Amino acid sequence: MAVNVIRRKELYEIMPEGLITTHKWLMENNFTRHAIDNLVKSNQLESISKGVYVRNANKLTWQSVVYSLQFILKTDLVVGGLTSLEMQGLSHYLSLSETKVVHLFGNDILPDWTTNLDLKIKFVRHTTNSLFDKNLLENNQKQLFTIEREWDNENRKLIISSPERAYLEVLLNVPQKTTFEHADQLMQGLTTLSPRNLQKALESCKNIKVKRLFFWFADRQNYVWLDKINRESITLGSGNRMIIQGGKLDNKYKITVPEWL
């Protein structure tokens, strides 16, 4: 009994409530199979999938799930796109859906158990290969242009895309999942982007469509930071790109855009 109490105390110290872990991680942290079985039997750990556990499922949030993915399971998944902009107060778009969508960017696979959680949350994983060169991401520890953001009162942080990277991630899905109008509204709120960070992100970005769209939306707002960007070092490719059917060709960036904009 005393041993069980000690193991329970050790669990509480290394795994706060609401976090998710695996059998493998517990074994690596000196918990035996017998100890893990006892923690499950005593409801100190709840099984949510084979070999996957949560400590107090009532404390689960989308943030605690992502924290577990990043710091316990060690995936390269980063909170990005619209979700990152929302966390930084840069999105004023109100979704009418009851289910919150959390956008994660990375090349690691999203575990199947994320779809079975008793949360009104939909995790959507996007690969970063279409935005940045794979070798560049690997050389920069897979978390290029990211920042850390506190998400609870325990001084724990999530790794999220910087505003500059997050907006480029949003543009990946224009117009398939993000409308031109929504992307335009987001740009209207990006008054304080860092020219230095933007320069690096745009130079590292390999997606011609994203870069052309970025400058097209940015030109509409004519921000001060835009004048500080060295466009000559940013490749925009050649030839026309049809972004939207039935749109009007913008002669400067050679992309089709909605005529009403």
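Coordinates for the structure precede this section.
Let me sum up the structure you'll find in this document. (Residues numbered from 1 in each chain as written. Predicted model: local features only at pLDDT ≥ 70, side-chain atom pairs only at ≥ 80, totals over all residues. Heavy atoms only, no water.)

A separate point is the overall build of the protein. If you tally the helices and strands in the protein, you get 10 helices and 10 strands. Within the protein, the fraction of its 261 residues that count as buried is 47%. In the protein, 63% of the contacts between residues at least 6 apart in sequence involve partners at least 24 apart. Taken as a whole, the protein presents about 14,100 Å² of accessible surface, with 46% of it coming from carbon and sulfur. Each charge sign in the protein was given a centre, from 34 positive and 28 negative side chains, and these centres are 3 Å apart. (Helix = DSSP H or I, 4+ residues; strand = E, 2+ residues; numbered from the N terminus. Buried < 20%, exposed > 50% of the residue type's maximum accessible area, 1.4 Å probe, protein only. Contact = heavy atoms within 4.5 Å. Areas by Shrake-Rupley, 256 points an atom, 1.4 Å probe, with all protein chains shown as cover. Lys, Arg positive; Asp, Glu negative; His and termini not counted. Charge placed at Lys NZ, Arg CZ, Asp CG, Glu CD.)

Below, the discussion takes up helix 7 (residues 163–171). Extensive coverage of helix 7 is indicated by the burial of nine of its nine residues. Considered for burial, the residues of helix 7 that qualify are Pro163, Glu164, Arg165, Ala166, Tyr167, Leu168, Glu169, Val170 and Leu171.

Running from amino to carboxyl end, helix 8 (residues 180–188) crosses helix 10 (residues 208–221) at an angle of 60 degrees, the nearest separation of the two axes being 10 Å. Between helix 8 and helix 10, the interaxial angle falls into the category oblique. Of the two possible hands of crossing, helix 8 and helix 10 adopt the one that is right-handed. Only Leu213, Phe214, Trp216, Phe217, Ala218, Arg220 and Gln221 of helix 10 make contact with helix 8, whose side of the interface consists of Phe180, Ala183, Asp184, Met187 and Gln188. Looking at the contact of helix 8 with helix 10 residue by residue, the class counts come to eight nonpolar, two polar and two charged. (Axes fitted to C-alpha atoms, helices over the stretch in contact; angles between N-to-C directions. Parallel < 35°, antiparallel > 145°, perpendicular 65-115°, else oblique. Left-handed = near helix turned anticlockwise from the far one by under 90°. Nonpolar A, V, L, I, M, F, W, Y, C, P; charged D, E, K, R; others polar.)

This model, assessed by the stated rule, comprises 11 aromatic pairs. Plain terms: the ring middles of phenylalanine 180 and phenylalanine 217 are 5.8 Å apart, the flat faces sit at 40 degrees to each other, and that makes the pair tilted. With phenylalanine 180 in helix 8 and phenylalanine 217 in helix 10, this pair connects stretches of sequence that are 37 residues apart. Pair check on accessibility: phenylalanine 180 and phenylalanine 217 agree, each one buried. (Phe/Tyr/Trp six-rings, centres within 6.5 Å; stacked < 30°, edge-to-face > 60°.)

Time to look at the nonpolar core. Membership of the largest hydrophobic core comes to 41 residues, with the highest contact counts inside it found for Tyr167, Leu171, Met187, Phe214, Phe217 and Trp225. For this core, the elements supplying multiple residues, two or more each, are helix 5 (81–87), helix 7, helix 8, helix 9 (195–204), helix 10 and strand 10 (255–257). Ranked by residues supplied to this core, first place goes to helix 10 with seven residues. Excluding residues that lie within four positions of it along the chain, tyrosine 167 makes contacts with Ala183, Leu186, Met187, Leu190, Phe214 and Phe217. Ile36, Tyr53, Leu69 and Leu117 belong to the second largest nonpolar core, which has 34 residues in total. (Core = buried A, V, L, I, M, F, W, Y, C linked by side-chain atoms within 4.5 Å.)

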